[in-house]
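Remarks on the overall topology
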Amino acid sequence: MYAISHAASALLIKRRFPSVPLWPLLVSVQAVELLWCALVWAGVEHVSSHDHHVSLDFLPYSHSLGSGLLLAVVAAALLRLAVGSFRTARGASRTSESAGADSGGNARGASRGARAPETRLGQPGSAQPSGPGTKFRPAVLVWRVPPRTQLGVAVGLGVFSHIVLDIVQHQPDIQLLPLPFGPRMGLRLMDAPMLNLAVEMAFGALCWYVYRGSGRMLVGIVLFNLANLPAMLQLPAVVDPIVARPALLPALILAQIVVTWVFVASCARSPQGTLLAREARASHGAASD
Ligand SMILES: [Zn+2]
């Protein structure tokens, strides 16, 4: 899918894991595409052109179900280790601070240090079990992910989501495994440009709705999708320069990735812009009442 749709998918993951910062999620949903840009420039993967059409005909290492899954698992495992090490180091430093406070007769400091790890468990996104009277929520939303694993799981989902979305949109050019042969997948949405536009627009709106983003975010998502229409239609003004210089394609896609990252991040940061922010303020107000 186009860059704005991948960037919007980070909002879905953010909604499920509110305690995970947005930027790692924005990077994760485009990790596969960044790898593709590097491999095309390195001459390992390539695009081809014929009859004023550009095809992504060889991308088995960056875009395969197997490599997407592997990249997601490796990213999740590394981040799980990194978060675990960070928390252990921070816990050790707090324990030594508390011990120092104890020896100086400051009992309050010691009890604060000992309580800190437990208060983390109550953060948003730790998926508290639902009690009587709570609304029904699908299993994926109440699936409890331990706090120190949330960053890894969220980023892993982001990485793998790229392959899933691309399978819907691409021609059958996504390999099952990262090999130059074998079964290929692709539902050919890109072969029907107007349907492609409608589906990506609806997907962006769904991400916006689930995230409960601002009006500015929705307008931006719609405009970014409309700006993709000439590329979806493979108009000569868009395709011919790429046919002449294929290395231009990853450069254009990289530029789109960066612009959509900045757009989504800036809208999400808007203080009045999101219901997430309003909910956070409301819960803070309720807690202080
Ligand atoms: Zn892709």
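Here, the structure is the one placed above.
Please read these numbers as outputs of a predicted model, since none were measured by experiment. (Residues numbered from 1 in each chain as written. Predicted model: local features only at pLDDT ≥ 70, side-chain atom pairs only at ≥ 80, totals over all residues.)

We now examine the pairing of strand β2 (residues 53-58). Of the pairings in the sheet, the one linking strand β1 (residues 46-50) to β2 comprises four bridges and is antiparallel in character. Looking at the pairing, S49 lines up with V54 of β2. What sits between the antiparallel neighbours β1 and β2 is a turn of two residues, in which D51 has the positive phi angle 50 degrees. (Pairing = 2+ DSSP bridges. Helix = DSSP H or I, 4+ residues; strand = E, 2+ residues; numbered from the N terminus.)

Even without glycine at this site, R188 takes up a positive phi of about 65 degrees. Tracing the chain through its elements places R188 in the loop between β4 (184-185) and α8 (193-211). According to the C-beta neighbour criterion, R188 is exposed, with 12 such atoms within 10 Å. (Buried ≥ 20, exposed ≤ 12 C-beta atoms within 10 Å, placed from the backbone.)

We now examine the environment of V164. The residue V164 is located in helix α7 (residues 147-169) in this model. Put simply, V164 and H63 are 101 residues apart on the chain and 10.0 Å apart in space, counted from C-alpha to C-alpha.

In this section: the packing of helix α1 (residues 3-16) against α8. Axis separation between α1 and α8 bottoms out at 8 Å; the angle between their running directions is 25 degrees. By the criterion of interaxial angle, the relationship of α1 to α8 is roughly parallel. By crossing handedness, the relation of α1 to α8 is classed as left-handed. Together, I4, S5, A8, S9, L11, L12, K14 and R15 of α1 and E200, F203, G204, C207, W208, V210 and Y211 of α8 make up the contact between the two elements. For the contact of α1 with α8, the class distribution of residues is nine nonpolar, three polar and three charged. (Axes fitted to C-alpha atoms, helices over the stretch in contact; angles between N-to-C directions. Parallel < 35°, antiparallel > 145°, perpendicular 65-115°, else oblique. Left-handed = near helix turned anticlockwise from the far one by under 90°. Contact = placed C-beta atoms within 7 Å. Nonpolar A, V, L, I, M, F, W, Y, C, P; charged D, E, K, R; others polar.)

Function-wise, these values are silent; they only describe arrangement.
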